[in-house]
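Below, each chain spelled out in residue letters.
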Amino acid sequence: MTQEHDWQVTDFQQWMIPCYAPMSVLPVKGKGSRVWDNNSKEYVDFAGGIAVSALGHCHPVMVNALVEQAQTLWHVSNVMTNVPALKLAKTLVSNTFADSAFFANSGAEANEAALKLARRYAHERVGEGKNEIIAFTQGFHGRTLFTVSVGGQPKYSSGFGPNIQGITHLPYGDLTALKHAISDRTCAVILEPLQGEGGVIVPPLDFLMGVRQLCDACDALMIFDEVQTGNGRTGALFAYQEINVIPDILTTAKSLGGGMPIAAMLTTEHIASYFSVGVHGSTYGGSPLACAVADAVWSVIADPDVLAGVKVRESWLRDGLAQIQRDRPIFKEIRGKGLLIGAELNAPWKGQAKLIMEAAAEEGVLILIAGSDVLRFTPSLLIDRESITLGMQALQRAIDRVCV
Ligand SMILES: *Cc1c(COP(=O)(O)O)cnc(C)c1O
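Residues numbered from 1 in each chain as written. Predicted model: local features only at pLDDT ≥ 70, side-chain atom pairs only at ≥ 80, totals over all residues. Heavy atoms only, no water.

Section: the sheet that holds strand 3 (residues 42-45)
- One open sheet accounts for four strands, arranged 1-2-3-13; its pairing is mixed. Where the open sheet ends on each side, the last strands, each with one partner, are strand 1 (27-31) and strand 13 (365-366).
- As defined by bridge partners, strand 2 (residues 34-37) adjoins strand 3 across three bridges and the pair is classed as antiparallel. Residue Val35 lies in a different strand from strand 3, and its bridge partner there is Tyr43. (Pairing = 2+ DSSP bridges. Helix = DSSP H or I, 4+ residues; strand = E, 2+ residues; numbered from the N terminus.)

Quick notes on the site of the ligand
- The immediate surroundings of the ligand are formed by Ser106, Gly107, Ala108, Asn111, Phe140, His141, Gly142, Glu192, Asp225, Val227, Gln228 and Lys254.
- Asp225 has a polar side-chain atom sitting 2.7 Å from a nitrogen atom of the ligand.
- Between the ligand and Lys254 there is a distance of 2.6 Å, counted from an oxygen atom to a side-chain nitrogen or oxygen.
- It is helix 5 (residues 107-125) that contributes the most residues to the shell around the ligand, three residues altogether.
- For the shell around the ligand, the class distribution of residues is three nonpolar, six polar and three charged. (Near = heavy atom within 4 Å. Polar contact = N/O pair within 3.5 Å; in protein donor to acceptor, adjacent residues only side chain to side chain. Nonpolar A, V, L, I, M, F, W, Y, C, P; charged D, E, K, R; others polar.)

Description of the packing of helix 4 (residues 83-94) against helix 12 (residues 288-301)
- At a minimum axis separation of 8 Å, helix 4 and helix 12 run at an interaxial angle of 35°. Once helix 4 is placed against helix 12, the crossing between them reads as left-handed. Contacts between helix 4 and helix 12 involve Pro84, Ala85, Lys87, Leu88, Thr91 and Leu92 on the former and, on the latter, Pro288, Cys291, Ala292, Ala294, Asp295 and Trp298.
- A breakdown of the residues in the contact of helix 4 with helix 12 according to their chemical character gives nine nonpolar, one polar and two charged. (Axes fitted to C-alpha atoms, helices over the stretch in contact; angles between N-to-C directions. Left-handed = near helix turned anticlockwise from the far one by under 90°. Contact = heavy atoms within 4.5 Å.)

So, the packing of aromatic side chains
- All chains considered together, the criterion is met by nine aromatic pairs.
- A ring pair is formed by Phe136 and Phe207, whose centres lie 5.5 Å apart and whose planes are at 85°; its orientation type is edge-to-face. Within this pair, whereas Phe136 is found in strand 5 (residues 132-136), its partner Phe207 is found in helix 9 (residues 205-217), the two being separated by 71 residues in sequence.
- With a relative accessible area of 1%, Phe136 lands in the buried category.
- Taking 5.6 Å as the distance between ring centres and 75° as the angle between the ring planes, the aromatic pair formed by Tyr172 and Phe207 counts as edge-to-face. Of this pair, Tyr172 sits in the loop between strand 6 (167-170) and helix 8 (175-181) while Phe207 sits in helix 9, placing them 35 residues apart in sequence.
- Given a relative accessible area of 15%, Tyr172 falls into the buried group.
- Given the relative accessible area of 1%, Phe207 is considered buried.
- Among the aromatic side chains, those forming a connected cluster through ring pairs are Phe136, Tyr172 and Phe207.
- Over the aromatic face of Trp36 sits the side chain of Lys29, whose NZ or CZ is 5.9 Å from the ring centroid. (Phe/Tyr/Trp six-rings, centres within 6.5 Å; stacked < 30°, edge-to-face > 60°. Buried < 20%, exposed > 50% of the residue type's maximum accessible area, 1.4 Å probe, protein only. Lys NZ or Arg CZ within 6 Å of the ring centre and 35° of its normal.)

Section: the pattern of salt bridges
- Scanning the entire structure with this criterion turns up 18 salt bridges.
- Here Glu314 makes a salt bridge to Arg318, at a shortest N to O gap of 2.9 Å. A residue pair is termed a helical-turn pair when its members lie 3 or 4 positions apart in one helix, as Glu314 and Arg318 do in helix 13 (residues 304-327) at four residues.
- Relative accessible area serves as the criterion here: at 12%, Glu314 is assigned to the buried category.
- Residue class for Arg318 comes out partly exposed when judged on its relative accessible area of 25%. (Salt bridge = Lys/Arg side-chain N within 4 Å of Asp/Glu carboxyl O.)

Here's the deal with the side chain of Asp45
- In this structure, Asp45 sits in strand 3.
- One buried charged residue, Asp45, forms no salt bridge at all, with the nearest opposite charge on Arg233 at 9.4 Å.
- In this structure the side chain of Asp45 is engaged in a polar contact, spanning 2.7 Å, whose partner is the side chain of His57.
- Not counting residues up to four positions away in its chain, the partners in contact with Asp45 are Ser33, Val35, His57, Leu366, Pro379 and Ile383. (Lys, Arg positive; Asp, Glu negative; His and termini not counted.)

Some words on the sheet that holds strand 15 (residues 374-377)
- Read across the sheet, four strands follow the order 11-12-15-14 without closing on themselves; strand pairing throughout is antiparallel. Either end of the sheet is taken by a strand with one partner, and the two such strands are strand 11 (331-337) and strand 14 (368-369).
- With two bridges connecting them, strand 14 and strand 15 associate as antiparallel partners. Bridge pairing in strand 15 links Ile369 to Leu375.

Written out as structure tokens, the structure reads:
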């Protein structure tokens, strides 16, 4: 039998399709906000698997739910429904504007469902002409052909043409541009309430409210992509609840399963009725195994104390970054909400985010980037103070090395 230390990151080149460039760390074990690699080196985890590990690694509530469900029923397909899916749907509906849920396996798939539903809804009610989708530059919605076409980063969508037609991209935050572009032909406007991948960009509040009003005026659906911002990440169950701008369709994934692949699309009963029998589906979507774990995750994050704790942890994280900034003013701006924080590098360090991320790993802290100029932090919603302190010390050492 091969041992974990027999494997190296360099084996990736031999066995895997090269669409990723894995970091030099090979994690083999995690607990809470700590991770260990194949050489037993310990890391503080500020990345959380890109805003996925909401409860940290191997949280007992998740492990128990997984083990119990694994001994009960894994999969039946959507030819039948199942109790964990019904329970999770009820949990999500009870805590949001929505009346019903559709389950998928990834953020991209939830968005694919939302975009198809919006087109279908307009098609059935108005006709073929109402098919235009408005999206925003730097937006990220996943890697299927529809979602890269809708996403606002050409590096993800070029070279796969012909792409899906009828999509307009506008600058994020520009209400005037939207006013000019939106019309009766628009079936949906899709956006993140706070852009994650695109650089942790918080739009002005009146932008989100304005989008809502323009969608209403043109009978277009407003789709909030809360794949990254949802499930407690910003300190609310969903980001829309804090800003009080209610979408017609909401998609979520990442932290929803805390590491189990699962996604959801939530909407009203009226809109949901346009996904009638046979119109859309998924073999794995809403499997008992995934839903049981997600419902367990929600049993933790729906606790008001946990949500309040996100704000406390945000302040610890921001304090740590402010201390680094006092020592060496490398940040142009520190922004974001809850435990989705971006630190944009000042001009002399532009383009160095990846170098800092790699040096940080060498020093013992895992962080993320959002583009080439922004360090991104999306730790567990339960991260402890000591981990934040240790992680910030490691980040400081990395910055001292890179930013000389
Ligand atoms: C990560 C992400 C997606 C894509 O999710 P996958 O699970 O990778 O398909 C979509 N939208 C947003 C906002 C994301 O952050």
